[in-house]
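One letter stands for each residue in the lines below.
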Amino acid sequence: MTAAIVPVLRAVAREAAHPAPDSPHCRGCGREEAVLADRADGVVVRHGEVVAKVHADGTDPAGHRARLAVAARPRLAGILLPPLPTTTEQVHGRPVTAWPYGTPVDPADPGAAPWEEAGALIARLHTVPLGTLPAALPAMRGPAKAALAVARMRAAGHHRAAGPVLRAWERLPAWARDEAPAPGPGALCHGDLHLGQLVRHPAPDGPWLLIDVDDLGAGEPTWDLARPAAWYAAGLLPPEDWQAFLGGYRRAHGPAVPAEGDPWPQLDVAARALTVQAGALAIAKSTAEGRELDDAELLMIDSCARIGALATELASEASS
């Protein structure tokens, strides 16, 4: 399927990069034409200063259009990278979009990771009034993706590490398992925050912006803080990076946690859910690839075990 998709995406990117009929031939663009991602949830191709993306099979068309409309709104300028117009709407039944190219976070330079900027951007996203957004905006897909990760782990077959993950999953409230609406009034959420969702635009050194609106929607804002929180709790994210992220969020007046004091009473449920999601995906991926869990994956499984043990202990104390 990818072999059939990539040529179409290249054409979409070229069209978006040079929309005027009389625009000059793209000098040098061919040197910057590449497949940037090739996954089940999306294929991304670059042509010069434009990228084109085909989204996941099964993407809800109405929800997808609403999310794109949000990203295109002037109110979101400086927070979300805006889409570019394109005349190609689908490839093999999957939605297609075009975007300006931005410089991604350099994975080889962890010391330069923009944790503070990420926290500030998410805070600004959370403070956009929901009443100013399209009525058709769907729910943020974070809990749904956690549930899909657990289903994927179960479908992979028996694994000795699945028990702690399932016990931690069963002890989450219904909303975090995508079995009930999220509590509270909610906020505009990204739904899948990690450093791969930030780029500098204009490239190469413009301001940081959020990308990828596939999971954008109304929901519980603590979800967008939960992956860094879970990594920090598991020992995968250094304390100084966690504090930079949390500090950036608080200084930008993000509503998910108090401006001062301990944020964990608010973050606990979402952080546990993202820990379970990470553990489930680790098991599913390692099983599919026929390999053992790596050290980082084992840390997330260990975190799931601690979550399950603590929940059992608290339940025992409550019943005694």
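Look up a bit, the structure's there.
My aim in this report is to walk through the structure given alongside it, one point at a time. (Residues numbered from 1 in each chain as written. Predicted model: local features only at pLDDT ≥ 70, side-chain atom pairs only at ≥ 80, totals over all residues. Heavy atoms only, no water.)

## Considering helix H7 (residues 239–251)
Turning to step 1, where the next piece is worked out: The first and last C-alpha atoms of H7 sit 18 Å apart over 13 residues, in line with the 18 Å expected at 1.5 Å per residue.
Turning to step 2, where the next piece is worked out: Regarding H7, the residues found buried are Asp241, Trp242, Phe245, Leu246, Gly247, Gly248, Tyr249 and Arg250.
Turning to step 3, where the next piece is worked out: Tucked inside the fold, the buried residues of H7 contact helix H3 (115–126), helix H6 (223–234) and helix H8 (264–288).
Turning to step 4, where the next piece is worked out: His253, located one to two residues past H7, shows a positive phi value of around 65°. (Helix = DSSP H or I, 4+ residues; strand = E, 2+ residues; numbered from the N terminus. Expected span 1.5 Å × (residues − 1). Buried < 20%, exposed > 50% of the residue type's maximum accessible area, 1.4 Å probe, protein only. Contact = heavy atoms within 4.5 Å.)

## With respect to the packing of helix H4 (residues 142–155) against helix H5 (residues 162–170)
Turning to step 1, where the next piece is worked out: Contact pair H4 / H5: the axes reach a minimum separation of 11 Å and the direction vectors enclose 150°. Remark: the crossing between H4 and H5 carries left-handed chirality. Note on element contacts: H5 touches H4 through Ala162, Val165, Leu166 and Trp169, opposite Ala146, Ala147, Val150, Met153 and Arg154.
Turning to step 2, where the next piece is worked out: For the contact of H4 with H5, a count of residues per class yields eight nonpolar, no polar and one charged. (Axes fitted to C-alpha atoms, helices over the stretch in contact; angles between N-to-C directions. Left-handed = near helix turned anticlockwise from the far one by under 90°. Nonpolar A, V, L, I, M, F, W, Y, C, P; charged D, E, K, R; others polar.)

## Here we look at unusual backbone geometry
Turning to step 1, where the next piece is worked out: Here His201 and Pro202 are connected by a cis peptide whose omega angle stands at 0°.
Turning to step 2, where the next piece is worked out: One can find Pro202 in the loop between strand E8 (198–200) and strand E9 (208–210).
Turning to step 3, where the next piece is worked out: Between Ala203 and the following residue, Pro204, the backbone shows a cis peptide bond with an omega angle of 10°.
Turning to step 4, where the next piece is worked out: Position of Pro204 relative to the elements: it lies in the loop between E8 and E9.
Turning to step 5, where the next piece is worked out: Its identity as a non-glycine residue notwithstanding, Asp178 has a phi of 65°, on the positive side.
Turning to step 6, where the next piece is worked out: On the secondary structure map, Asp178 appears in the loop between H5 and strand E7 (187–189).
Turning to step 7, where the next piece is worked out: Residue classification places Asp178 among the partly exposed residues on the basis of a relative accessible area of 43%.

## Section: the environment of Pro95
Turning to step 1, where the next piece is worked out: Examined against the element boundaries, Pro95 turns out to sit in strand E5 (residues 94–100).
Turning to step 2, where the next piece is worked out: Pro95 gets classed as buried once you look at its relative accessible area, which sits at 8%.
Turning to step 3, where the next piece is worked out: In this structure the C-alpha to C-alpha distance between Pro95 and Asp57, which are 38 residues apart in sequence, comes to 8.3 Å.
Turning to step 4, where the next piece is worked out: Those residues in contact with Pro95, other than ones at most four positions away along the chain, are Lys53, Val54, His55, Ala56, Thr59, His64, Glu89 and Gln90.

## What about the pairing of strand E1 (residues 33–39)?
Turning to step 1, where the next piece is worked out: In this structure, E1 lies alongside strand E2 (residues 42–47), joined through six bridges in antiparallel fashion. What sits directly across from Glu33, in E2, is His47.
Turning to step 2, where the next piece is worked out: Counting the residues between successive antiparallel strands, the hairpin from E1 to E2 contains two residues. (Pairing = 2+ DSSP bridges.)

## A closer look at the nonpolar core
Across soluble globular proteins, nonpolar side chains have a tendency to be buried as a group.
Turning to step 1, where the next piece is worked out: Of all hydrophobic cores here, the largest spans 45 residues; its most connected members are Leu76, Leu80, Leu125, Leu188 and Leu210.
Turning to step 2, where the next piece is worked out: Secondary-structure elements contributing two or more residues to this core are helix H2 (61–72), H3, E8, E9, H6, H7 and H8.
Turning to step 3, where the next piece is worked out: For this core, the leading source of residues is H3, giving six residues.
Turning to step 4, where the next piece is worked out: Residue contacts for Leu188: discarding those within four places in its chain leaves Val70, Leu76, Leu125, His126, Val128, Leu130, Leu133, Leu137, Leu216 and Gly217.
Turning to step 5, where the next piece is worked out: Listed in part, the 30 residues of the second largest apolar core include Met153, Ala161, Trp175 and Ala176. (Core = buried A, V, L, I, M, F, W, Y, C linked by side-chain atoms within 4.5 Å.)

## Structural notes on the sheet that holds strand E6 (residues 103–104)
Turning to step 1, where the next piece is worked out: What the three strands build is an open sheet, ordered E6-E8-E9; its pairing is antiparallel. Only two strands of the sheet have a single neighbouring strand rather than two, namely E6 and E9.
Turning to step 2, where the next piece is worked out: Looking at chain direction, E8 and E9 are connected through three bridges and run antiparallel. Opposite Arg200, over in E9, you have Trp208 as the bridge partner.

## Regarding the packing of aromatic side chains
Turning to step 1, where the next piece is worked out: In total, this model carries seven aromatic pairs according to the counting rule given.
Turning to step 2, where the next piece is worked out: Each ring, one from Trp175 and one from Trp223, has its centre 6.0 Å from the other, and the planes form 65°; the classification is edge-to-face. Of this pair, Trp175 sits in the loop between H5 and E7 while Trp223 sits in helix H6, placing them 48 residues apart in sequence.
Turning to step 3, where the next piece is worked out: Take Trp175: its relative accessible area is 13%, and that puts it in the buried class.
Turning to step 4, where the next piece is worked out: With centroids separated by 5.7 Å and ring planes inclined at 10°, the aromatic side chains of Tyr232 and Trp242 adopt a geometry described as stacked. In this pair, Tyr232 sits in helix H6 while Trp242 sits in helix H7, placing the two residues ten residues apart along the sequence. (Phe/Tyr/Trp six-rings, centres within 6.5 Å; stacked < 30°, edge-to-face > 60°.)

## Comments concerning the sheet that holds strand E4 (residues 90–91)
Turning to step 1, where the next piece is worked out: If you walk across this open sheet you meet the five strands as E1-E2-E3-E5-E4, and the pairing is antiparallel. Strands with a single pairing partner mark the edges of an open sheet, and in this sheet they are E1 and E4.
Turning to step 2, where the next piece is worked out: With two bridges joining them, E4 and E5 adopt antiparallel strand pairing. Paired with Gln90 across the bridge in E5 is Pro95.
Turning to step 3, where the next piece is worked out: Those strands touched by helix H1 (residues 2–17) are E1, E2, strand E3 (50–55), E4 and E5, and its axis lies near 45° from that of E2.

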